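Read off the chains here:
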Protein chains: 2
Amino acid sequence: MFESAEIGHAIDKETYDAAVPALREALLEAQFELKQQSRFPVIVLINGVEGAGKGETVKLLNEWMDPRLIQVSTFDQQTDEELARPPAWRYWRQLPPKGQIGVFFGNWYSQMLQGRVHGRIKTAVLDQAIDGAQRLEQMLCDEGALIFKFWFHLSKQQMKARLNTLKDDPLHSWRISPLDWQQSKTYGKFVRFGERILRRSSRDYAPWYVVEGADQYYRSLCVGQILLEGLQAALQNQQTLQRSPHAAPLIASLDNFGLLGSLDMSQRLDKASYEEQLAAEQARLSGLMRDKRFRKHALVAVFEGNDAAGKGGAIRRVAAALDPRQYRIVPVAAPTEEERAQPYLWRFWRHVPARGKFTVFDRSWYGRVLVERVEGFCQPADWLRAYGEINDFEEQLTRAGVVLVKFWLSIDQSTQLKRFEEREQIPFKRFKITQDDWRNRDKWPQYCDAVGDMVDRTSSEIAPWTLVEANDKRFARVKVIRTINDALEAAYAKD
Amino acid sequence: MFESAEIGHAIDKETYDAAVPALREALLEAQFELKQQSRFPVIVLINGVEGAGKGETVKLLNEWMDPRLIQVSTFDQQTDEELARPPAWRYWRQLPPKGQIGVFFGNWYSQMLQGRVHGRIKTAVLDQAIDGAQRLEQMLCDEGALIFKFWFHLSKQQMKARLNTLKDDPLHSWRISPLDWQQSKTYGKFVRFGERILRRSSRDYAPWYVVEGADQYYRSLCVGQILLEGLQAALQNQQTLQRSPHAAPLIASLDNFGLLGSLDMSQRLDKASYEEQLAAEQARLSGLMRDKRFRKHALVAVFEGNDAAGKGGAIRRVAAALDPRQYRIVPVAAPTEEERAQPYLWRFWRHVPARGKFTVFDRSWYGRVLVERVEGFCQPADWLRAYGEINDFEEQLTRAGVVLVKFWLSIDQSTQLKRFEEREQIPFKRFKITQDDWRNRDKWPQYCDAVGDMVDRTSSEIAPWTLVEANDKRFARVKVIRTINDALEAAYAKD
C-alpha cells in the first residue's frame with residue numbers, strides 16, 4: 001500500500017515555483033466559492049509517519065489559502081470536559097461549519113493507531129475503531145461533507161535521515177511526539193497497522209491519499225492538487241449528493257395492527273396508588289442519582305409521544321425528584337443557524353451530559369424519523385439513513401457509560417381530542433396548543449407507521465424503547481420513573 | 001442589613017396552600033410571555049447562609065414553572081478549560097439566551113465571599129471583586145437582562161438548629177459545603193463579609209433581596225412573589241430600557257486634525273529591507289511563541305483598519321511565522337442567531353484563547369464604536385457605553401495574563417481608491433470588494449472621528465492601540481509583527 005510512496009518522488013524547484021502561483025489562485029477561488037455556496041464543509045485528516053511533512057504542509061496550506069476560513073484542530077490531550085463524555089464528542093465540537101475547512105491533526109486514526117502500536121489495544125479493538133470511523137465518515141459524507149484523508153509517508157531510511165536533520169531544529173524538537181520514532185521497532189509496527197487502517201477505511205466517499213513526504217516540492221504540489229481537484233469537483237456538482245437508498249421502501253401497515261395497537265390503553269392508577277407509587281419511585285430515583293456509582297455514568301432520557309400525551313407532565317415529575325443542579329432539560333425546537341450549518345446530530349451531541357449529569361430531551365433526534373418524515377421536511381434518503389446513524393450515536397453513548405432511556409408516550413385519538421379541547425379552555429395551558437397540533441391530528445395513521453418503524457429499527461438491547469400507555473397520566477408518570485430507576489439499577493449491577 | 005431577616009417571619013400552611021395555585025399560574029404565564037417576547041434574559045443569583053433553603057427554593061421554582069425554560073448552573077469546580085481562561089469566561093458561557101431564565105448557584109459572589117472568609121484574599125481585593133461584579137451586572141442590565149439577587153438568611157441560632165436537622169438527611173449531607181459551618185467563627189465572618197458585599201453591590205438595576213430562610217412557606221412565597229412582580233413589570237415595560245446617556249455628546253473634530261492626520265503616511269520599506277526585516281521578525285515571533293513562558297500567557301491580536309488597508313495580508317504574514325495548531329483566526333461578520341440572543345461581547349468571549357494559544361480577530365468588538373456607530377446600526381447609548389464595557393473586557397483579559405495588541409491599519413483616501421480599483425481587476429481578489437466598500441468611502445470623515453474617539457477612549461497602558469501607517473504594505477506588515485514581538489517580550493520581562 002505504501003510502496004509507490006517510497007520510490008523517491010521529487011520535483012525540482014523550478015517546476016514547483018512555476019506551478020505554485022496558478023495553484024494558489026485556483027485554491028483561493030475555490031475557497032471563496034466554498035464560502036459563497038456554504039453548502040458543505042471540508043474536513044482534511046492529516047496522518048502518517050513522523051517527519052514526513054505533516055505540519056509543514058498544513059502550514060503551507062494556510063499560507064496558500066485564506067487562513068481565516070481554515071480551522072486547524074489538534075487532539076493531543078483530552079480536556080477534562082472531553083474525558084467526561086464519549087470519545088467522539090471532541091471531534092463533533094470541532095467540526096467546521098458549512099463553507100469552511102477544518103484540518104484535523106491527531107484525529108481518530110492517530111488515536112487508534114497509537115493505541116495499537118503502544119499495545120494498549122488489540123487488533124480486534126482496532127478493527128472496531130476503524131469501523132466506528134467508517135460510520136462517522138459515511139455519515140459526514142451523507143450530510144454533504146467533503147473529506148480528504150492524507151497519509152504522509154516515508155520509507156524507514158528516509159525517516160531516519162529526516163529525524164536526524166530535524167533533531168537540532170527548534171521548530172521541530174519542541175513538540176514531543178507520543179511515539180518514540182528512534183526505536184527501530186516503532187516504524188515497523190506503525191506502518192504495519194497503518195496499512196491495516198488504510199486498507200479497511202478507504203472508501204469511495206472518503207478515499208485515502210498516500211503522499212510521499214521526502215521531497216517538499218513534490219509533497220506540497222501533490223496535496224495542493226488533490227485538494228484543488230476535489231474542491232472543484234464538489235463545487236461544480238450542484239445537485240446534492242443525495243444517493244437514493246438502494247433498498248425496498250418501508251411500507252405502511254397492511255393490517256392496521258401495529259405495536260401501538262397492541263398496547264393495553266386501559267391501564268390506570270387510582271389517586272391513592274398513584275401518590276404512593278409516585279412518591280416511592282421518586283425517592284428511589286433521588287437515591288439512585290445520589291449513589292456514588294452514578295459518577296461513572298450519565299443519564300439521558302428521551303421523551304417522544306403524541307401531542308398532548310403528557311410529556312411535559314412526566315418530565316416535571318422526574319425533575320421533581322432531583323436537585324436542579326443535576327439535570328438539564330433540552331426542549332428540541334427548530335435548529336438555530338449554527339446548528340443548520342452542521343450535520344443533523346450535531347445539535348444533540350452538544351448537549352450530551354458529562355459523567356454524573358442527566359440530560360432530558362423533550363423531543364429528540366427521533367424528530368428526523370417522525371415529524372420530518374411525515375411532514376416531508378427532509379428527503380426519504382435522509383430519514384432512512386437516520387435509523388443507522390441514530391443507532392451508532394446511541395451505541396457511542398451507552399459504550400461511554402451513559403444510561404439511555406427512550407419513551408414513546410402513547411394516547412388514543414379520543415383522549416387527544418379531549419385534552420386539546422381542555423387546553424384551549426385553561427388560560428395558562430393555552431400556549432400548549434397551536435394550529436399545528438390540530439393539523440398533525442389528521443396524519444394520525446402516518447405517525448403510527450412512523451412510530452412502528454422507529455421502534456422496530458432503533459429498539460435494541462443497549463437502547464430499548466419503552467412504550468408508555470398514557471391515556472391515564474398517573475399510570476404513565478409512574479411507569480416513566482420506574483423505567484428510569486430500573487435502567488439505573490441494571491447499569492449499576494453490571495459495574 | 002440582615003436584621004429584618006432574623007425576626008422569625010412565618011406563614012402558616014393554609015395561607016400558603018391558598019396562595020400557591022394563583023402564584024404558580026401567574027409565574028407560568030409570565031414565563032410564557034418571556035419566551036414569546038424573547039426580548040431579554042432573566043438571571044437569578046442564589047446566595048446566602050448554609051441551610052437557609054437555597055437549594056430547596058430553586059427546586060421549588062423548577063416545579064412551579066416550566067423547567068424546560070430554566071437553566072440551573074453551578075460553579076463549584078472549574079474545569080481545566082475554564083482554568084485556562086479569565087475567571088469570568090465560565091459565567092459568560094452559561095448566560096441564558098433571551099427569553100430564558102438562568103439560575104446561578106455558586107456565582108461570582110460566592111467565589112469572592114468564600115475567598116475572603118477563608119482568608120485567601122484581603123478586603124481590598126474583595127472590594128475589587130465587588131466592583132468587577134458591579135460592572136458585569138451593569139453591562140448585563142444595559143443589554144436588557146433582568147437580574148434578581150437573592151440572599152437567603154438565617155440567624156446563627158436558626159442556622160445551628162437547621163444544620164442539626166439536616167445532618168442525617170441524605171438529601172443534604174451528600175453535598176460537601178466548601179465552608180465548615182459547624183465552626184462558630186465561620187458564621188460571623190460569612191455574615192460580616194456578606195453584609196459588605198450586599199451593601200456595596202445593591203444597585204437600582206440589580207438590587208439584593210434578603211429572604212429569611214427559616215420558614216419554608218414564608219421563604220417560598222416571598223421568592224415567588226418577588227420573581228413574579230419583577231417579571232411582570234419588565235414584560236410590560238415594552239420600550240427598551242435604553243437610558244440615554246447623561247453626558248455631553250462626543251463632537252466631531254473642530255479643526256479636522258486628529259490622531260490619524262498626524263501620522264507620517266510616507267513611511268515605506270524597500271523590498272530588500274522588507275524581506276530582511278520580515279524574516280527577522282517572523283523568526284523572533286516564532287521563537288517567542290515557542291518560549292516556555294508563553295504557556296503562562298495567551299495572545300490576542302485585534303486587526304481593525306480602513307477597507308483595503310491590508311489587514312488580511314498582515315494577518316497572513318503573522319500566521320506564516322507560526323504553527324497553525326497554535327493560532328485561530330476569527331473573522332468577525334454579522335452575528336449568528338445564537339449570538340444575537342446574548343449580550344454584545346458574548347460572541348467575542350466565546351473565542352477568548354486558552355493559555356498557550358493565540359487568537360487573531362479580523363475585525364473585532366470595536367465594530368460597535370466604528371461601523372455600528374457610523375452606520376447607525378445601534379443606538380448612541382449602546383456605542384457610548386461600549387467604550388467602558390470594552391475597557392472592562394480588556395482589563396479582564398490582561399489581568400489573566402493575555403497579551404493584547406490592537407492595530408488600526410490606516411491608509412489615505414487615494415491609496416484606498418487605487419486598491420479598490422486594483423481589486424476589481426484581479427480575479428482572485430474580486431471577492432474582497434463589494435458595493436458596501438464603495439459606500440463606506442463616502443463616510444470617510446465620520447470614520448476618522450470614530451477612530452479618533454475609539455483610540456482616545458480605549459488606548460491605555462494595559463491595552464494600547466498601535467496605529468499602523470499602511471500606505472506601504474511592507475512597512476505595515478513589519479510594524480505589526482514587531483509590535484506583537486515587543487509586547488510578548490515586555491510581558492515575559494514582567495513575569
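Worth saying up front: this structure is predicted, and the values here are computed from it rather than measured.

Draft legend 1. Quick peek at the overall build of chain A. Check the secondary structure of chain A and you find 20 helices and ten strands. The principal-axis extents of the C-alpha atoms in chain A amount to approximately 85 × 50 × 40 Å. When burial is assessed residue by residue, chain A has 38% of its 495 residues classed as buried. Taking as baseline every contact in chain A between residues at least 6 positions apart, the subset at least 24 positions apart corresponds to 84%.

Draft legend 2. Up close: the interface of chain A and chain B. Taken residue by residue, the interface counts 38 residues in chain A and 38 residues in chain B. With five residues, the top contributor of residues to the side of chain A that touches chain B is helix H2 (residues 54-64) of chain A. Taken together, the residues of the side of chain A that touches chain B break down into 16 nonpolar, seven polar and 15 charged.

Draft legend 3. Region of the structure containing the environment of A:Ala493. Residue and element names in this part refer to chain A. Turning to its location among the elements, Ala-493 is positioned in helix H20 (residues 473-494). By the C-beta count within 10 Å, which is 8 here, Ala-493 ends up exposed. Considered as a pair, Ala-493 and Arg-293 are 200 residues apart in the sequence and their alpha carbons are 9.8 Å apart.

Draft legend 4. How the structure looks around the sheet that holds strand S3 (residues 101-105) of chain B. Residues and elements named next belong to chain B. Read from one edge to the other, the open sheet built from five strands follows the order S2-S3-S1-S4-S5, with strand pairing classed as parallel. With one partner strand each, in any of the chains shown, strand S2 (70-73) and strand S5 (208-212) form the two edges of the open sheet. Sheet twist, expressed as the mean angle between neighbouring strand axes with direction ignored, is 20°. As judged from the five bridges shared by strand S1 (residues 42-48) and S3, these two strands associate in the parallel manner. Bridge assignment links Val-44 to a residue of S3, and that residue is Val-103.

Draft legend 5. Here's a closer look at the relation of the copies chain A and chain B. Superposing chain A onto chain B takes a rotation of 180° plus a shift of 0.0 Å along the axis, which leaves an RMSD of 0.0 Å. Taken together, the rotation angle and the small translation identify this as a two-fold axis.

Draft legend 6. Representation of helix H9 (residues 184-201) of chain A. All names here are of chain A. Taking 1.5 Å of rise per residue, the 18 residues of H9 would be expected to cover 26 Å, and the 26 Å separating its terminal C-alpha atoms lies within 8% of that figure. Turning to H9, its buried residues are Tyr-187, Phe-190, Val-191, Gly-194, Ile-197 and Ser-201. The buried side chains of H9 occupy one side of the element, clustering within an arc of 130° when seen end-on. The exposed residues of H9 that point more than 90 degrees off its buried face are Ser-184, Lys-185, Gly-188, Arg-192 and Arg-199. Looking at the buried side of H9, the elements it contacts are helix H5 (108-117), helix H6 (123-142), strand S4 (146-153) and helix H7 (156-166).

Draft legend 7. Focus on unusual backbone geometry. Residue and element names in this part refer to chain A. Notably, Ser-38 is not glycine yet its phi reads approximately 40°, a positive angle. With respect to the secondary-structure elements, Ser-38 resides in the loop between helix H1 (13-37) and strand S1 (42-48). For Arg-363, which is not glycine, the phi dihedral falls at a positive 70°. Looking at the secondary structure, you find Arg-363 in the loop between strand S8 (358-362) and helix H15 (371-375).

Draft legend 8. Seen up close, the packing of helix H12 (residues 311-320) of chain A against H20(A). All names here are of chain A. In contact at an axis separation of 9 Å, H12 and H20 are set at 50° when each is read in the N-to-C sense. By the angle between their axes, H12 is oblique relative to H20. Crossing handedness for the pair H12 and H20: right-handed. Facing H12, whose interface residues are Gly-313, Ala-314, Arg-317 and Val-318, H20 presents Lys-473, Ala-476, Arg-477, Val-480, Ile-481 and Ile-484.

Draft legend 9. Representation of the domain arrangement of chain A in the model. Residue and element names in this part refer to chain A. Split into domains, chain A comes out as domain 1 (3-236) and domain 2 (260-494). One C-alpha centre belongs to domain 1, the other to domain 2, and the line joining them spans 40 Å. At the interface, 15 residues of domain 1 touch 15 residues of domain 2. Of all the secondary structure elements, the ones that give two or more residues to the side of domain 1 that touches domain 2 are helix H4 (89-92) and H6. Among the elements that take part in the side of domain 1 that touches domain 2, H6 stands out by supplying four residues, more than any other.

Draft legend 10. Main features of helix H7 (residues 156-166) of chain B. Residues and elements named next belong to chain B. Buried residues of H7: Gln-158, Met-159 and Arg-162, and no others. Along H7, the residues classed as buried sweep out an arc of 95° about the axis, all on the same side. Looking at H7, the residues exposed on the side facing more than 90 degrees away from the buried face are Gln-157 and Asn-164. Tucked inside the fold, the buried residues of H7 contact helix H9 (184-201).

Draft legend 11. Representation of the environment of B:Gly48. All names here are of chain B. Positionally, Gly-48 belongs in strand S1. Along the chain, Gly-48 and Glu-337 lie 289 residues apart, while their C-alpha atoms are 36 Å from each other. What Gly-48 contacts, discounting residues up to four positions off in sequence, is Lys-54, Trp-151, Phe-152, His-153 and Gly-213.

The rules behind these values
- Residues numbered from 1 in each chain as written.
- Chains lettered and ligands numbered in written order.
- Predicted model: local features only at pLDDT ≥ 70, side-chain atom pairs only at ≥ 80, totals over all residues.
- Helix = DSSP H or I, 4+ residues; strand = E, 2+ residues; numbered from the N terminus.
- Buried ≥ 20, exposed ≤ 12 C-beta atoms within 10 Å, placed from the backbone.
- Contact = placed C-beta atoms within 7 Å.
- Nonpolar A, V, L, I, M, F, W, Y, C, P; charged D, E, K, R; others polar.
- Pairing = 2+ DSSP bridges.
- Axes fitted to C-alpha atoms, helices over the stretch in contact; angles between N-to-C directions.
- Least-squares fit on C-alpha atoms with pLDDT ≥ 70 in both.
- Expected span 1.5 Å × (residues − 1).
- Arc of directions from axis to C-beta.
- Parallel < 35°, antiparallel > 145°, perpendicular 65-115°, else oblique.
- Left-handed = near helix turned anticlockwise from the far one by under 90°.
- Domains from an automatic or database assignment.

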